[in-house]
Amino acid sequence: MFDFLAYIPLIGEPLTFIVPFVIVLSIVIFIHEYGHYIVGRWCGIHAEAFSMGFGPVLKSWVDKRGTRWQISALPLGGYVKFLGDANAASGGVDHAAIEAMPEELRAKTLEKAALWKRALTVFAGPGINFVASFIIFAGVVLYSGVPTGEPVVGTVNQLNGVKNELVQGDRLISVDGVAITTNEDFRKLLDPETFSAQSTYVVERDGQTIEVIAPYPYLPAVGRVMPAQPAARAGVKKGDIILQVGDNPVRTFSELRELIIAAPEDRVPLVVQRGSETVELIIRPRKSAYVDSEGQLKEKVQIGVQSFGPFEADMRSVGPIEALQIGAQGVWGMVTVFGQTISKLVTGAISPKNLNGPLGIAVASGDTASQGLLDLIQFVAVISTAIGLMNLLPIPVLDGGHLVIYAYQAVFKRPPNEKVLNYIMLAGFSLLITLVLYATFYDGVRLLG
């Protein structure tokens, strides 16, 4: 999508991931901050400034409510500054300024608003991130549909050098003599005793049963390269056929998987067929987290590719209600994985090296953008949910930390000791910066190998 940027001399290659990253981050941050702003406004809390970015102001204007909207030079975040906030990050309260205000103006500050209004305004940032993800997931499903689950050919995929005589709408009867009644029956074709890149398909087409030739369903061919994973960094491309891992030839995708799992987390030669050419690459498999078929977060050595299929699943349209249900399932699935991630990081069940910092997210943005607009839109939904969840962590400088403080006030009928709170906020900020630096360091290690 942004591949043309790579042709700009000197700075082209970095721009292919910087530009998508800035676009994704700006959209997600705007959604988050607008949630704070609009709910605060509904609660009668005045916003003095709404800024996209930090640093020198490039463009600003004041609306009829007296809020200054501005675009700043560093597009790496944003903020809403409410009346009475001591700074742009809403990390403190300007008590002296509030006390000097007239009573009617004081009532419009975040600090003097009713406790429930403050809590609602703070929660609205993460909350609207979840809503945005929900809408995007549902919208994508409405646009693209969902698999029928029937063994019927959807879009046909052509792989260079391998004959594919399937036609959209063909209903599969058998493949290499194995009866196919559901899509799960394809698993019976794994690890054949005799191997051929071509398989014999018996299909029903226009009321007739015919025999056609098409690729073996589990060729070691690449159908998708996952963003910011070892394969993407090594230069593996969609449509590549992986011929060799190290000194070992590869026949099937399951053999590829076994060889990768057995490979050392070191530089491994990879030979791929790309069109009529044979290309040699160097890849570094690494242990990374994944979600298994039962929804459990685990770790295994992988390179980040999905298999090529001779055809895509047949799709059906969905109605608005089903799309909303699927959208909700998408958000909830991410919430449960996030919860598992935190739990398993704390217990040591998975390595903190799985964390992605800003650099990793930037590269993932570029890799995703190269796969098309629809993938990038879904990536916005993923990052939006991630930003919402991260902000709900009970760290004082984040929204979750403010909500914990409000809960303390609701229970004990008084604010926490300000001196103690300052120490806690400093510790929370230090923890957050440490995590970001740690994740960014390993981003660099992964990317540079």
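Please read these numbers as outputs of a predicted model, since none were measured by experiment.

Bringing the overall build of the protein chain into the picture now. For the protein chain, the helix and strand inventory stands at 11 helices and 18 strands. Principal-axis analysis of the C-alpha atoms gives the protein chain an extent of 85 × 50 × 45 Å. By residue count, 43% of the 449 residues in the protein chain fall in the buried class. Partitioning the contacts of the protein chain with sequence separation of at least 6, the portion at a separation of at least 24 is 61%.

Attention now goes to the sheet that holds strand β5 (residues 171-175). Read from one edge to the other, the open sheet built from four strands follows the order β6-β5-β7-β8, with strand pairing classed as antiparallel. Edge strands, defined here as strands with exactly one partner in the open sheet, are β6 (178-179) and β8 (208-215). Note: β5 against β6, two bridges, orientation antiparallel. What sits directly across from serine 174, in β6, is alanine 179.

What follows concerns the packing of helix α4 (residues 115-144) against helix α9 (residues 373-391). Running from amino to carboxyl end, α4 crosses α9 at an angle of 155°, the nearest separation of the two axes being 8 Å. Put simply, α4 runs roughly antiparallel to α9. In the crossing of α4 with α9, the sense of the turn from one axis to the other is left-handed. Of the residues in α9, those in contact with Pro126, Asn129, Phe130, Ala132, Ser133, Ile136, Phe137, Val140 and Tyr143 of α4 are Leu374, Ile377, Gln378, Val380, Ala381, Val382, Ser384, Thr385, Ile387, Gly388, Leu389 and Asn391.

What tends to happen in soluble globular proteins is that the nonpolar side chains get buried as a cluster. Of all hydrophobic cores here, the largest spans 42 residues; its most connected members are Leu166, Leu172, Phe186, Tyr201, Val236, Val245 and Leu270. Discounting chain neighbours no more than four positions away, the residues touching valine 236 are Val222, Val225, Ala231, Leu270, Arg274, Leu281 and Val305.

Turning our eyes to something else, we now look at a nonpolar patch on the surface. A cluster of nonpolar residues, Tyr143, Leu373, Leu374 and Ile377, forms a patch on the protein surface that exposes about 410 Å² of accessible area. For the nonpolar patch, the element with the highest residue contribution is α9, accounting for three residues. Structurally, tyrosine 143 can be placed in helix α4.

Turning next to the pairing of strand β13 (residues 277-283). Where strand β12 (residues 268-274) meets β13, seven bridges bridge the pair, whose relative direction is antiparallel. Looking at β13, one finds that arginine 274 is bridged to glutamate 277. Taking the residues between adjacent antiparallel strands as the criterion, β12 and β13 are bridged by two residues, where glycine 275 takes a positive phi near 65°.

With respect to the element layout, aspartate 375 can be found in helix α9. In terms of polar contacts, aspartate 375 uses its side chain to reach the side chain of arginine 224, at 3.2 Å. Look past the residues within four positions of aspartate 375 in its chain and what remains in contact with it is Arg224 and Thr368.

What follows is about the packing of aromatic side chains. Per the counting criterion, the structure on display carries 11 aromatic pairs. For the pair phenylalanine 186 and phenylalanine 311, a centre-to-centre distance of 6.2 Å together with 55° between the ring planes defines the contact as tilted. Note that phenylalanine 186 is positioned in the loop between β6 and β7 (198-205) and phenylalanine 311 in strand β17 (residues 311-313), a separation of 125 residues in sequence. The interplanar angle of 40° and the centroid separation of 4.6 Å between the aromatic rings of tyrosine 408 and phenylalanine 412 together place this pair among those described as tilted. Linking tyrosine 408 with phenylalanine 412, this pair stays in helix α10 (residues 399-412), spanning four residues, or about one helical turn. Relative accessible area serves as the criterion here: at 47%, phenylalanine 412 is assigned to the partly exposed category. Grouped by ring-pair contacts, the aromatic residues Phe30, Tyr34, Tyr37, Phe50 and Trp69 constitute a single cluster.

An order of β11-β10-β12-β13 is seen for the four strands of this open sheet, with the pairing classed as antiparallel. Edge positions in the sheet fall to β11 (248-249) and β13, since each has one partner strand and no second.

Positionally, threonine 109 belongs in the loop between α3 (103-106) and α4. Note on threonine 109: relative accessible area 0%, which makes it buried. Polar contacts involving the side chain of threonine 109 include one to the main-chain amide nitrogen of lysine 112, which spans 3.2 Å. In this structure threonine 109 touches Ile45, Leu83, Gly84, Ile98 and Met101, once residues within four positions along its chain are discounted.

What counts and what doesn't
Residues numbered from 1 in each chain as written. Predicted model: local features only at pLDDT ≥ 70, side-chain atom pairs only at ≥ 80, totals over all residues. Heavy atoms only, no water. Helix = DSSP H or I, 4+ residues; strand = E, 2+ residues; numbered from the N terminus. Buried < 20%, exposed > 50% of the residue type's maximum accessible area, 1.4 Å probe, protein only. Contact = heavy atoms within 4.5 Å. Pairing = 2+ DSSP bridges. Axes fitted to C-alpha atoms, helices over the stretch in contact; angles between N-to-C directions. Parallel < 35°, antiparallel > 145°, perpendicular 65-115°, else oblique. Left-handed = near helix turned anticlockwise from the far one by under 90°. Core = buried A, V, L, I, M, F, W, Y, C linked by side-chain atoms within 4.5 Å. Patch = residues over 30% accessible without salt bridge, like charges linked within 9 Å, V, L, I, M, F, W, Y side chains within 5 Å. Areas by Shrake-Rupley, 256 points an atom, 1.4 Å probe, with all protein chains shown as cover. Salt bridge = Lys/Arg side-chain N within 4 Å of Asp/Glu carboxyl O. Polar contact = N/O pair within 3.5 Å; in protein donor to acceptor, adjacent residues only side chain to side chain. Phe/Tyr/Trp six-rings, centres within 6.5 Å; stacked < 30°, edge-to-face > 60°.

Geometry only, nothing functional implied.
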